[in-house]
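# Descriptive structure summary
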Amino acid sequence: MPSCSVNRFEQALRKHGRGELAAERLDTLQVNVGRLCNQVCRHCHVDAGPHQTGADVNMGPEVAAIVERVVRSGAVRVLDLTGGAPELNPSFRRLVEAARDAGVHVMDRCNLSVLLQPGQEDLAAFLADRRVEVVASLPFYRRDRTDRQRGAGVFDQSLLGLRRLNELGYGSRDDLRLNLVYNPTGAFLPGDQHALEREFRRELTDGLGIAFHQLFCITNMPIARFAEWLHRSGNYESYMAVLANAFNPAALEGLMCRNLISVAPDGTLHDCDFNQMLGLPVSAHVPRHIREFDSAVLARRPVVTDSHCLGCTAGAGSSCGGAVT
Ligand code: SF4
Ligand code: SF4
């Protein structure tokens, strides 16, 4: 639960004459199917990795079946699947099929290298057949910076994954959206999204023949593995000051918690994936588990905030879809 004292984010809201944050509608069900991942990235905000195999941190079939019911009910327009590497959860494909049957748009937050994993040889074709939007994380267009953050060899694997998607039409066809996600490799804010997209296009498209639709710039959130790194490197306080000093009230309108609800592997509901990782459930006044899902109530809920929320309102703002202003 949020502390009784006013957190740094609330302080910033008050300073700019803003009231408490609240949702304004519910378009997207963002489902975190678990922490199992084939990578171990330094900035990972969910502490994912190949070691995260437990039933306590990965969504089981019972909860997945409830998610499927909600998706089939037409309560949301978008199913946003995340993890870990969501594709490694045995329920992933079933959820995708259910959503597409119901006419729900599906987004897969893909780390690209998972497309090369044993047993996933048909994954790219599966995604293309169902017209799943792929949101692919690629911290940078250079091997050294990407591998430093994500592990040796990840850049080359990511390019192979991108080429596999491109061969199917991803990145060039309108119905096969391929968006890339950039995040800074240190304790600083991302640069201008349009300028970075031009750089990525020059290096990846012009230089290497990789097609993609858009680049999303995401601010590193001061939680989980990235927060540990900030503390270890002595950068935590200065990074929080950077976020607070860059508070941009214009970013409040586009915050993802205003139109999305996040489902944890155990079915509990959170205002976003970051709150989920911090163990902050939605307000006690609204349904707190997917089995009690009520879209009308959740669409008007107060949002639970804490100091990490400054990561979403710094500079151009940040959400799962990149800059918000
Ligand atoms: S950042 Fe993504 S790809 Fe990297 S360990 Fe975390 S979930 Fe896996
Ligand atoms: S971390 Fe961002 S998306 Fe989540 S509740 Fe805070 S402001 Fe909203």
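What comes next concerns the included structure. (Residues numbered from 1 in each chain as written. Chains lettered and ligands numbered in written order. Predicted model: local features only at pLDDT ≥ 70, side-chain atom pairs only at ≥ 80, totals over all residues. Heavy atoms only, no water.)

## Focus: the overall build of the protein chain
Broken down by element type, the protein chain carries twelve helices and eight strands. Relative to the globule expectation of 20 Å for 325 residues, the C-alpha radius of gyration of the protein chain, 19 Å, shows essentially globular dimensions. C-alpha extents for the protein chain along the principal axes are approximately 50 × 40 × 35 Å. Buried positions account for 57% of the 325 residues belonging to the protein chain. Within the protein chain, residue pairs in contact and separated by at least 24 positions form 73% of the contacts whose partners lie at least 6 positions apart. Of the side-chain charges in the protein chain, 35 are positive and 37 negative, and the distance between the mean point of each set is 3 Å. (Helix = DSSP H or I, 4+ residues; strand = E, 2+ residues; numbered from the N terminus. Rg over C-alpha atoms; globule rule 2.2 N^0.38 Å. Buried < 20%, exposed > 50% of the residue type's maximum accessible area, 1.4 Å probe, protein only. Contact = heavy atoms within 4.5 Å. Lys, Arg positive; Asp, Glu negative; His and termini not counted. Charge placed at Lys NZ, Arg CZ, Asp CG, Glu CD.)

## Re the site of ligand 1
What surrounds ligand 1 is the set Cys37, Gln39, Val40, Cys41, His43, Cys44, Ala48, Gly84, Asn111 and Arg150. Grouping the constituent residues of the shell around ligand 1 by class yields five nonpolar, four polar and one charged. (Near = heavy atom within 4 Å. Nonpolar A, V, L, I, M, F, W, Y, C, P; charged D, E, K, R; others polar.)

## With respect to the side chain of Arg301
Tracing the backbone shows Arg301 in the loop between helix H11 (295-298) and helix H12 (310-313). Take Arg301: its relative accessible area is 0%, and that puts it in the buried class. A polar contact is formed between the side chain of Arg301 and the backbone oxygen of Leu260, at a distance of 2.8 Å. Among residues more than four places away in sequence, those in contact with Arg301 are Ala22, Ala23, Cys257, Leu260, Ile261, Asp271, Val282 and Val286. (Polar contact = N/O pair within 3.5 Å; in protein donor to acceptor, adjacent residues only side chain to side chain.)

## Looking at the sheet that holds strand S3 (residues 105-110)
The strand order across the open sheet formed by eight strands is S6-S5-S4-S3-S2-S1-S7-S8, and the pairing between neighbours is mixed. In this open sheet, the two edge strands, each paired with only one partner strand, are strand S6 (214-217) and strand S8 (269-270). With four bridges connecting them, strand S2 (residues 78-82) and S3 associate as parallel partners. From the neighbouring strand, Leu81 faces S3, where its bridge partner is Asp108. In the packing of helix H2 (residues 61-72) onto the sheet, contacts are made with strand S1 (28-32), S2 and strand S7 (260-263), and the angle to S1 comes to roughly 165°. Across the face of the sheet, helix H7 (residues 193-208) comes into contact with strand S5 (178-182) and S6 while running at roughly 130° to S6. (Pairing = 2+ DSSP bridges. Axes fitted to C-alpha atoms, helices over the stretch in contact; angles between N-to-C directions.)

## With respect to the site of ligand 2
As a structural note, the neighbourhood of ligand 2 is formed by Met221, Leu255, Met256, Cys257, Cys272, Phe274, Asn275, Val303, Val304, His308, Cys309 and Cys312. Looking at the shell around ligand 2 residue by residue, the classes come out as ten nonpolar, two polar and no charged.

## Considerations on the nonpolar core
Ranked by size, the top nonpolar core spans 93 residues in total, and within it Leu29, Val67, Leu79, Phe200 and Ile290 carry the most contacts. Not counting the four nearest positions on each side in its chain, Leu29 is found in contact with Val67, Val70, Val71, Val76, Val78, Leu79, Asp80, Ile261, Val263, Ile290 and Phe293. Formed by six residues, the second largest nonpolar core is a distinct cluster that contains Met107, Val135, Phe216 and Ile218. (Core = buried A, V, L, I, M, F, W, Y, C linked by side-chain atoms within 4.5 Å.)

## Things to note about the packing of aromatic side chains
Counted by the stated rule, this structure contains eight aromatic pairs. Geometrically, the ring pair formed by Phe9 and Phe247 is edge-to-face, given 6.3 Å between the ring centres and 70° between the ring planes. With Phe9 in helix H1 (residues 8-15) and Phe247 in the loop between helix H9 (236-245) and S7, this pair connects stretches of sequence that are 238 residues apart. The class for Phe9 is buried, based on a relative accessible area of 0%. Overall, the relative accessible area of 9% leaves Phe247 in the buried class. When the centroid spacing of 4.2 Å and the interplanar angle of 25° are considered together, the rings of Phe140 and Tyr141 count as stacked. Exposure class is identical for Phe140 and Tyr141. Each is buried. Ring pairs connect the aromatic residues Phe140, Tyr141, Tyr182 and Phe200, which therefore count as one cluster. Of note, Arg93 hangs over the ring of Phe126, and the distance from its end group to the ring centre comes to 4.9 Å. Lying across the ring of Phe140, Arg145 places its NZ or CZ 3.7 Å from the centre. (Phe/Tyr/Trp six-rings, centres within 6.5 Å; stacked < 30°, edge-to-face > 60°. Lys NZ or Arg CZ within 6 Å of the ring centre and 35° of its normal.)

## A short note on H9
Buried within H9 we find Tyr239, Met240 and Leu243. The buried residues of H9 all sit within an arc of 100° when viewed along its axis, so they share a single face. Buried residues along H9 sit in contact with H1, helix H8 (224-232) and H12. (Arc of directions from axis to C-beta.)

## Here's the deal with H1
Of all the residues in H1, the buried ones are Phe9, Ala12 and Leu13. Buried residues of H1, viewed axially, fall in a sector of 100°; they line one side. Of the exposed residues in H1, those oriented more than 90 degrees away from the buried face are Arg14 and Lys15. On its buried face, H1 is in contact with H12. One side-chain oxygen at the N-terminal end of H1 lies 2.9 Å from the backbone nitrogen of Phe9; it belongs to Asn7. Once H1 finishes, Gly17 follows within two positions and takes phi at roughly 70°, a positive value.

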